[in-house]
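Geometric and topological summary
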Amino acid sequence: MKINRKALVTRHNPVIREIISLSPLSVGNGEFAFTADVTGLQTFPDQYTIPLGTQTQWAWHSSGGRNVWSLDDVRLQYRDEERQLGGYPIRAEDKEEAYHWLRQNPHRLQLGQFGFTFKSASGELLTYDAITHIEQSLELWSGILISRFCVEDQPVVVHTFCHPEQDSFGVTVESPLLTEGRMNIQIRFPAPGMTSRSWDRSIDMNWGETDSHVTKWLKQLPSSALIERTMDDDGYTVALSWSQGDLEQTGVHEFILHGSGLSERLEFTAQFSPLSKVRTLATAQEMIHASRDHWERFWLEGGAIELAESTDSRALELERRIVLSQFNTAIHSAGSVPPQETGLLYNSWFGKLHLEMHWWHAFHFPLWGRAQMLERSMGWYKEILPVARDLAQSQGYQGARWPKMVAAEGAQSPSVIAPLLIWQQPHPIVMAELCYLAEPTSETLARYEDVVLESAEFMASFAEWDEGRNRYVLGPPVIPAQENHKAENTWNPTYELEYWRHGLEVAMNWLRRLGKPVNPKWLEVSERLSELPHAEGVYLAHENCPNTYTEANIDHPSMLGALGMLPGKMVDPSIMRNTLQRVMDSWCWERTWGWDYPMAAMTAARLGEGEWAVDLLLKEVTKNTYLPNGHNYQRPGLYAYLPGNGGLLTAVAMMACGWQGGPDRHAPGFPSDGSWTVRWEGLHPWM
């Protein structure tokens, strides 16, 4: 019997009946997102811990103008001058101004804040205390947010929606407050600058520095307006349209839409565009119809997992996380560039992309039958390929080296950690492989050929030959996925070794498909990589880490990724089973991250430990919290963590559908004791 997908999805519609400061709800499309409070707009931002933002993938700003500083202006560490290798912007030293400017710039813009203003019958401005009888529901099947509430006993109904193919949102409002002249829409534009040098204190909007940006009225008609926003060398336009009332500029960067008082219904829409690309603004009704069509197709055409008939009491919560993670990653992780870790919700690490997280954000899309959603961002690697080539060459290597922390243009950011990470390097190879498996054509091979081959070329040149032990090694200096290791003391991290081999093998297979000879250097490196480091029957974080489970047992237990995320060709299953057991017993789980739980669950699944897999996926620990809006909470400052959502979707797809070479039974990653009834459709196995 087919899954009733509408029933599956809609039973997990988030319903909010009070202000929950960590759980605002968003509408969006992967390129653009609008996050609202309980009124359906951004009326009471001070009541929310998370900024109520409006963001796109293309809107960035550089303080003082572009290219104020370059990487030539900072110190490089870990440079081997004799061999002309390395050189990484790790410490500021005496170049602090350039270092911090490059780290913060470009940063992603918050495009504006749109909220209602409410007045009492006597004309006084009302606060959030006046909002009662709240019932807000995000209709996942249509992508429309419906907010119902009362203001001094007067009912208000707001529908909030986003166009699936445009950087635009709209609302329809129904309330007698409109005819009474007691309800308006206020529009405010924040300053573009960062509020702090520290990423966790720079998430708030900057309402100071009013002279650092310009808001100009370009065009005004009876029911529409075009506003231009400029700041240094950057800017954007905002097109507005409304069904009744007049727009008034009430401040340097502030406007009020006053209702005409002629109707209890108001339609309002806003469209954001780069300065050179002003686009046509769709009507509210066009947006509503487009949103309904888009989200119905999304839910019907992709994969589905239903767990409702399970007897395990945790099944419905896991099903909720699965459904909401699909929605949230579609909004925040499916754009034309790899997403930042908080998606289009708010800025973390200055809004920059973390390429090592791209796997966790988007790897699940092809497994869920939505390869096109991954392909949207895969073209970006080809666009920045010249930048990645230059980076590799500057460090004495061949091919293309993918940086870790970047803005959309692809240049690496200075950091005490980021420039020394390497586990993002094979990501484009394996993600291209997923795209090929979804569409195994010559066109797919040609599309990603350069990205795959040049990624592998760097990997082969980065591995160093150890003459004394007749093997290739990774590092030092290197920082593994488990970032609490010093670069100069780290070599041969377990996960990275396995991923290096796997990435090179996939790239060599890509050459065979293209009818080209296998690169002999790639073959040599893949076959003669160091063995995975282990001691006392368990895998180590890296070869020089005998204290993996005593002093270094924080952050990611990344050695588990060698079997789970990866097929684990070099892995001994018995050693990995011991490793997983040791991690479960000794790891400091409060100091992990949201994707560690699905990573460990995938390892358990491949080892045939379905009960462990479910227990790990649903482990009760702060970093594995999933809020009412479906976001994976981590800690103060990092209130939403999309890699956790994407990792969950990858893990449950593998647990339900299986993997190539895995056991031939239904839902092989779930317990087989009858407590879980797993129904699935439209999923695809990974290697």
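Residues numbered from 1 in each chain as written. Predicted model: local features only at pLDDT ≥ 70, side-chain atom pairs only at ≥ 80, totals over all residues. Heavy atoms only, no water.

1. With respect to the overall build of the chain
A tally of helices and strands in the chain yields 17 helices and 30 strands. Projected onto its principal axes, the C-alpha positions of the chain cover 85 × 60 × 50 Å. Scored against the burial criterion, the 687 residues of the chain give a buried share of 63%. In the chain, the proportion of contacts linking residues at least 24 apart, taken out of those at least 6 apart, comes to 69%. Accessible surface computed for the chain: about 24,700 Å², of which carbon and sulfur atoms make up 47%. A gap of 3 Å separates the mean positions of the 57 positive and 84 negative side-chain charges of the chain. (Helix = DSSP H or I, 4+ residues; strand = E, 2+ residues; numbered from the N terminus. Buried < 20%, exposed > 50% of the residue type's maximum accessible area, 1.4 Å probe, protein only. Contact = heavy atoms within 4.5 Å. Areas by Shrake-Rupley, 256 points an atom, 1.4 Å probe, with all protein chains shown as cover. Lys, Arg positive; Asp, Glu negative; His and termini not counted. Charge placed at Lys NZ, Arg CZ, Asp CG, Glu CD.)

2. Looking at helix α17 (residues 642-657)
Every α-helix winds through 3.6 residues per turn, so residues three or four apart in the chain are directed the same way. Compared with the 22 Å implied by 1.5 Å per residue over 16 residues, the 22 Å span of α17 between its first and last C-alpha is a close match. Counted residue by residue, α17 has 16 buried out of 16 residues, so it is predominantly covered. Downstream of α17 by a residue or two, G658 has a phi angle that is positive, lying close to 95°. (Expected span 1.5 Å × (residues − 1).)

3. With respect to the environment of G259
Here G259 is to be found in the loop between β19 (254-258) and β20 (265-274). Separated by 217 residues in the primary sequence, G259 and Q42 have C-alpha atoms spaced 18 Å apart. If sequence neighbours within four positions are ignored, G259 has contacts with N184, Q244 and G245.

4. Section: the sheet that holds β19
Read across the sheet, four strands follow the order β9-β14-β19-β18 without closing on themselves; strand pairing throughout is antiparallel. Two strands in the sheet have a free side with no partner beyond their single neighbour: β9 (113-118) and β18 (246-251). Strand-to-strand twist across the sheet, computed as the mean angle between neighbouring axes with direction ignored, equals 25°. With five bridges joining them, β18 and β19 adopt antiparallel strand pairing. Paired with D246 across the bridge in β19 is H258. (Pairing = 2+ DSSP bridges. Axes fitted to C-alpha atoms, helices over the stretch in contact; angles between N-to-C directions.)

5. Looking at the pattern of salt bridges
Pairing between side chains of opposite charge can happen when their charged atoms approach one another. Summed over all chains, the structure comprises 32 salt bridges. Here E505 makes a salt bridge to R501, at a shortest N to O gap of 2.6 Å. Of the two residues, E505 and R501 are both situated in helix α12 (residues 494-513); the distance of four residues between them amounts to about one turn of the helix. The partly exposed category is assigned to E505, whose relative accessible area is 27%. Residue R501 is classed as buried on the basis of its relative accessible area of 3%. If you follow the salt bridges from partner to partner, you end up with R11, E306, E319 and R679 in one network. (Salt bridge = Lys/Arg side-chain N within 4 Å of Asp/Glu carboxyl O.)

6. As for the packing of aromatic side chains
Taken as a whole and judged by the stated rule, the model has 36 aromatic pairs. Look at F363 and W686: their rings are 5.0 Å apart centre to centre, the planes differ by 85°, and that puts the pair in the edge-to-face class. With F363 in the loop between α6 (358-362) and α7 (364-367) and W686 in the segment after β30 (679-681), the pair connects residues that are 323 residues apart, well separated along the chain. Looking at W686, the relative accessible area reads 2%, which means it is buried. Centroid distance Y495 to Y499: 5.3 Å. Interplanar angle 35°. Geometry classified as tilted. (Phe/Tyr/Trp six-rings, centres within 6.5 Å; stacked < 30°, edge-to-face > 60°.)

7. As for the layout of surface pockets
Reported here for the largest pocket is a volume of approximately 890 Å³. Contributions of two or more residues to the lining of the largest pocket are made by β7 (85-88), α2 (96-104), β17 (234-242) and α9 (385-394). Tallying contributions element by element places α9 first for the lining of the largest pocket, with five residues. (1 Å grid on protein atoms, 1.4 Å probe; cavity = no way out; pocket = protein on both sides within 12 Å on 5 of 7 lines; lining within 4 Å. Points joined across faces, edges and corners; volume = space filled by probe spheres on them.)

8. Overview of the sheet that holds strand β2 (residues 25-28)
Reading across from one edge, β2-β3-β4 is the order of the three strands in this open sheet, with antiparallel pairing throughout. Of all strands in the sheet, those with a lone pairing partner are β2 and β4 (54-56), marking the two edges. Neighbouring strand axes in the sheet, compared pairwise and without regard to direction, differ in orientation by 20° on average. Alignment of strand β3 (residues 32-36) against β4, held across three bridges, turns out to be antiparallel. Across the sheet, the residue bridging to F34 is T54, located in β4. Running at roughly 55° to β2, helix α5 (residues 315-332) makes contact with β2 and β3 of the sheet.

9. Quick look at the nonpolar core
Among the nonpolar cores identified, the biggest contains 213 residues, and F114, F118, L240, F268, L318, W500 and F670 are the most heavily contacted of them. What F114 contacts, discounting residues up to four positions off in sequence, is F34, L41, Q42, T43, T54, F169, Q186, I187, L240, F268, A270 and F272. Residues I146, F161, A239 and A282 belong to the second largest nonpolar core, which totals ten residues. (Core = buried A, V, L, I, M, F, W, Y, C linked by side-chain atoms within 4.5 Å.)

10. Here's the deal with the side chain of E356
Its place among the elements puts E356 in the loop between β22 (353-354) and α6. Residue E356 is classed as buried on the basis of its relative accessible area of 2%. In this structure the side chain of E356 is engaged in a polar contact, spanning 3.1 Å, whose partner is the side chain of K404. In this structure, E356 is in contact with E341, K404, L421, W423, Q424, H427 and E483, ignoring residues within four places of it in sequence. (Polar contact = N/O pair within 3.5 Å; in protein donor to acceptor, adjacent residues only side chain to side chain.)

11. A word on the pairing of strand β16 (residues 224-231)
Across the eight residues of β16, six count as buried, placing the element largely inside the fold. Pairing of strand β15 (residues 214-221) with β16 involves seven bridges; the strand directions are antiparallel. Counterpart to W217 in the pairing with β16 is I227. From the end of β15 to the start of β16, which pair antiparallel, there are two residues. Both β16 and β17 contribute to a ladder of eight bridges, which runs antiparallel. What sits directly across from L226, in β17, is A239.

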